[in-house]
Amino acid sequence: MLRKLFVMLTCAAVVAFAADDPVSVIKKKDGELQTLLKKSSRTAKETERVKTLLNESFDFALLAKKSIAKDAWVAQDAATQEKFVAEFQRMVRNSSAKRLELYRADSTIYEPAKMKGSDEARVTAHLWNKGKESVLEYKMSLVNGNWKAWDLVIDDLSTARNYKDQFSQILKTKSFNELIDVISKKADEAEK
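These lines cover the structure that appears in this document, whether it is placed above or below. (Residues numbered from 1 in each chain as written. Predicted model: local features only at pLDDT ≥ 70, side-chain atom pairs only at ≥ 80, totals over all residues. Heavy atoms only, no water.)

**Some points on the nonpolar core**
We count it as follows: To form a nonpolar core, buried Ala, Val, Leu, Ile, Met, Phe, Trp, Tyr and Cys residues must be joined to one another through side-chain atoms within 4.5 Å. Relative accessibility decides the category of a residue: with a 1.4 Å probe and only protein chains considered, values under 20% of the type maximum give buried, values over 50% give exposed, and everything between is partly exposed. Numbered from the N terminus, helices here are DSSP runs of H or I no shorter than four residues, and strands are runs of E no shorter than two. Only heavy atoms enter the contact rule, under which two residues are in contact if any of them lie within 4.5 Å.
Core analysis: the largest hydrophobic core is formed by 21 residues, its most contacted members being Ile68, Phe84, Phe88, Met91, Phe167, Phe176 and Leu179. For this core, the secondary structure elements donating two or more residues are helix H4 (60-66), helix H5 (70-74), helix H6 (78-98), helix H7 (159-171) and helix H8 (176-191). Aside from chain neighbours lying at most four places away, what touches phenylalanine 84 is Ala64, Ile68, Trp73, Phe167, Phe176, Leu179, Ile180 and Ile183. Core analysis: the second largest hydrophobic core is formed by 14 residues, Val23, Ala105, Leu127 and Trp147 among them.

**Side note on unusual backbone geometry**
Of note, the phi angle at aspartate 155 is positive, near 45°, even though the residue is not glycine. Checked against the element boundaries, aspartate 155 lands in the loop between strand S5 (146-154) and strand S6 (157-158). For aspartate 155, a relative accessible area of 30% puts it in the partly exposed group. Residue aspartate 156 is not a glycine yet carries a positive backbone phi of 70°.

**Structural notes on the packing of H7 against H8**
In plain terms, the rule: Helix axes are fitted only over the stretch in contact, all axes being lines through C-alpha atoms; the angle between N-to-C directions runs from 0 to 180 degrees. Roughly parallel refers to an angle under 35 degrees, roughly antiparallel to one over 145, roughly perpendicular to one between 65 and 115, and oblique to any angle outside these ranges. Should the near helix be turned counterclockwise from the far one by less than a right angle, the crossing is left-handed, whereas a clockwise turn marks it as right-handed.
Where H7 meets H8, the axes come as close as 9 Å, and the angle between the chain directions of the two elements is 125°. Between H7 and H8, the angle falls in the class oblique. For the crossing formed where H7 meets H8, the hand is right-handed. On the side of H7, the interface is formed by Phe167, Ile170 and Leu171, while H8 contributes Phe176, Leu179, Val182 and Ile183.

**Quick notes on the packing of aromatic side chains**
The condition is simple: We call Phe, Tyr and Trp rings a pair once their centres come within 6.5 Å, taking the six-membered ring for Trp, and we label the pair stacked below 30 degrees between planes, edge-to-face above 60, and tilted otherwise. Whether a charge sits over a ring comes down to the Lys NZ or Arg CZ being within 6 Å of the ring centre and within 35 degrees of the ring normal.
Overall, the coordinates contain nine aromatic pairs when judged by the stated rule. Centroid distance phenylalanine 88 to tyrosine 163: 5.0 Å. Interplanar angle 75°. Geometry classified as edge-to-face. You can see phenylalanine 88 sitting in helix H6 and its partner tyrosine 163 sitting in helix H7, a full 75 residues away along the chain. Relative accessible area serves as the criterion here: at 0%, phenylalanine 88 is assigned to the buried category. Connected via pairs of aromatic rings, a cluster forms that spans Phe58, Phe60, Trp73, Phe84, Phe88, Tyr163, Phe167 and Phe176. When the ring centre of tryptophan 150 is taken as reference, the NZ or CZ atom of lysine 66 above it lies at 4.5 Å.

Functional significance is not addressed by these values, which are geometric in nature.
Structure follows, in structure tokens:
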């Protein structure tokens, strides 16, 4: 399950979108990511580029908000919410960059975007690696003129739902600030 989660997160690196057609921009970012993945070793600069792709790809504020039960989220002040988003983004960015090899694809086919209004889209991608298919669904929103993913579903496993389940378990025994500390420690560990 953790492997699939990391695959989901790293796949999101292909989702940094411009306000153009979401599918065409996914293809562009996927091409850049696949080029980096095909190298047997990456320089520090290339690894940093992977992390930048991740940052450009996600609407971390929305993903973080959807990863917390609504009542727990609204109970926090704006400063605590911002701190959570920052540490959450750092954790995802660092963890995903280390596990990109899980995302290698021999080929990918994209379905046309399914639009909901003018500011929401879903794009389904079929990835093949060594003959095995994975199906990814990018849930996106238009943020300041750019398409950003707020959830990635791979083989029916949702990133946002998975985090929500994990964080709900932690919040049963810890405070919200303690949850932030847990996430911060995981981000630190993944950075090494």
